[in-house]
Amino acid sequence: MTAKKNEIPTNNSRRDFIKQSATALAGLIIVPRYVLGGTRPDGSKYIAPSDMISLGFIGCGKQGRILSNYFLATNEIRILAVSEVYNDKTELMLRTIKSNQEKYKQAGNGQDISVYTDFRELLSRKDIDAVVIATPDHWHAAMAVRAAEAGKDIYCEKPLSLTVKEGRAMVNATRKHKRIFQTGSMQRSWPEFRQAVELIRNGYIGEIKSIKVNIGAPPIAYNLPEEATPAGLDWKKWLGPNEFKPFNAELAPPVTKDVYPNWRLYKEFGGGMVTDFGAHMFDIAQWALNMDKSGPVEIFAPDADHPVLTFKYKNGVVMTHEKWEWNNALLFTGTEGEVRIGRGKLETTPASLKNQIIGDVQKHVYKSENHYKDFLNAMRTRVKPICDVETGHRTASVCNIANIAYQLKRPLKWNPKKEKFKNDAEANALLGRPMLNEWGIKI
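Residues numbered from 1 in each chain as written. Predicted model: local features only at pLDDT ≥ 70, side-chain atom pairs only at ≥ 80, totals over all residues. Heavy atoms only, no water.

As annotated in an unreviewed UniProt entry, the protein is Putative dehydrogenase from Lacibacter cauensis.

As C-alpha cells, then:
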C-alpha cells in the first residue's frame, strides 16, 4: 500500500511503508540517525547517544516541567533548549531537568541548555528535531504553525486550539510540511480507556444510545483586577496574539504556588473546563464512536427541551455535558449494557465485561502504552502517532462548538465535513478570532 502524495501513512500501512521508504531513502538522501535507530544481535532496539532525539520545550510552567520528566524518562531524548517569558519558570525548569537527568542517570547538568524568551529563536536551531508546546491555549496555533514551517515535529498540549479555524490551520501546516504531530491527549495511551473503547467498538454493550460527559463549566470573560506585573515576566510576550488584558497572578502564578494556572477559565485564553478536561473526555467519546475525522451534527444549548447541553451525531447517538456520579468521566449507555470510565477506574454492566479479553479477530484500536515514546517512535517511522493533529483538532472542535452554543444560547446545526455551522453567520463568526501583532497565521 502506497501513501498518497503529501500524506503521512496510517498505522495500517506501517510495515510496507517503512520497507519501501528505507529502500528509497538509502539511495537518495541522508536522514537523521534517530530515524534509523539501532538493533542488537538479539533483535532488541537500542538508542545510542548519537541517535537521541533532540527536543526544545516552549513553555516552562507546571505542565512543561511534567512533560520534561516524561520525555527524559524514555531515555530516548535530550533537551537542547527551552523558551519561556517568565524568568522564574525558566530557572525552575532548568533545575527540574537537572534533577531528572540525575534520576535517570543521564548526562547534562541543566545549565548546558539554551534559553530563549522568543520561541522563534529556538525554532531556528537546525539541531532541534522536535518541539514540545506547553503554553496557554491562545498561543498553540501561532507556535505550532511556525514550528511546522521550520521543519520541526511537534508535541502540543491539549486542548489543541482555542478556535476551530486555528485547529484547521495547525492540521494544514502539519500536512503541508510533512511533520509528525502528537496531541497531548495521553488517555489514549492508558489501558483502561483503550479497553473501554474496544468494548464499545466490538458491540459488547450493544448499540450506543447515549453518552454522559461530566466535566466542568464553560469559560467566562476575563474579569480579574489588575495586579503589579512581577519582575522577570514579559507580559506583552505572554499575551502574544491577544489584545491587552491587565496582569493578574491567577493567569501566571508564581513558582512558589505549585498549581495549574487559571488562564484556562477565561475565554480570551482558554475554553473553561469544557475544553480543558473536555479535551480529554470528549476525546474518548470521539474515539469510541470512531469519529476521529468527524463530529456531531447538532448542538442544543440548555433550554426547555434540553436541560443540559446536548450533541447529536448523524448515527443517532446523543451526547450530553452533564453531571453524574463520577467527576471527569464518561457514562456510555447501550442497548445491552453500560461502560463507566474515568482515570484509573472502569466499571461495566454486566460486570464481567470489565476484564473481557478482546480476541485477535475482533476490532482493535491503535495500541500505545506510552504517549511520549509513541511520539518518538512516530518520528522515527514517519507514521502518524496515536493522537495525530487531525484527531486532536476534531476533539478540540467538539469542545469549541459546545462553547459557542453556550454563548449563543440556542440550537446549532454543524457540518463536520465543511467545519461550518449551517445558515448561521453569527455562529460561524465565532469559529476564529483576530490574532494581533505579528502573530497572525493563515486560516
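We now examine the overall build of the protein. Per the secondary structure count, the protein includes 14 helices and 17 strands. Residues classed as buried in the protein amount to 57% of the 443 residues present. In the protein, once contacts between residues fewer than 6 apart in sequence are set aside, the share between residues at least 24 apart is 71%. A total accessible area of about 20,100 Å² is found for the protein, and carbon and sulfur atoms account for 51% of it. (Helix = DSSP H or I, 4+ residues; strand = E, 2+ residues; numbered from the N terminus. Buried < 20%, exposed > 50% of the residue type's maximum accessible area, 1.4 Å probe, protein only. Contact = heavy atoms within 4.5 Å. Areas by Shrake-Rupley, 256 points an atom, 1.4 Å probe, with all protein chains shown as cover.)

Ranked by internal contacts, the top residues of the largest apolar core, which has 50 residues, are Ile 211, Ile 299, Phe 311, Met 319, Leu 330, Phe 332 and Phe 421. Going through the elements one at a time, helix 8 (191-201), strand 9 (208-214), helix 11 (278-288), strand 11 (309-312), strand 13 (329-334), strand 14 (337-342), helix 13 (389-408) and strand 16 (412-415) are the ones with two or more residues in this core. Among the elements that make up this core, the one with the highest residue count is helix 13 (7 residues). If sequence neighbours within four positions are ignored, Ile 211 has contacts with Ala 285, Leu 289, Val 317, Val 318, Met 319, Thr 320, Leu 330, Leu 331 and Phe 332. Core analysis: the second largest hydrophobic core is formed by 31 residues, Phe 119, Ala 141, Met 143 and Val 145 among them. (Core = buried A, V, L, I, M, F, W, Y, C linked by side-chain atoms within 4.5 Å.)

Within helix 8, 9 of the 11 residues are buried, which leaves the element mostly enclosed by the surrounding structure. Buried within helix 8 are the following residues: Glu 192, Phe 193, Arg 194, Gln 195, Ala 196, Val 197, Glu 198, Leu 199 and Ile 200. Along its buried surface, helix 8 packs onto strand 9, helix 11, strand 13, strand 14 and strand 15 (345-349). Gly 203 sits one or two residues past helix 8 and shows a positive phi near 75°.

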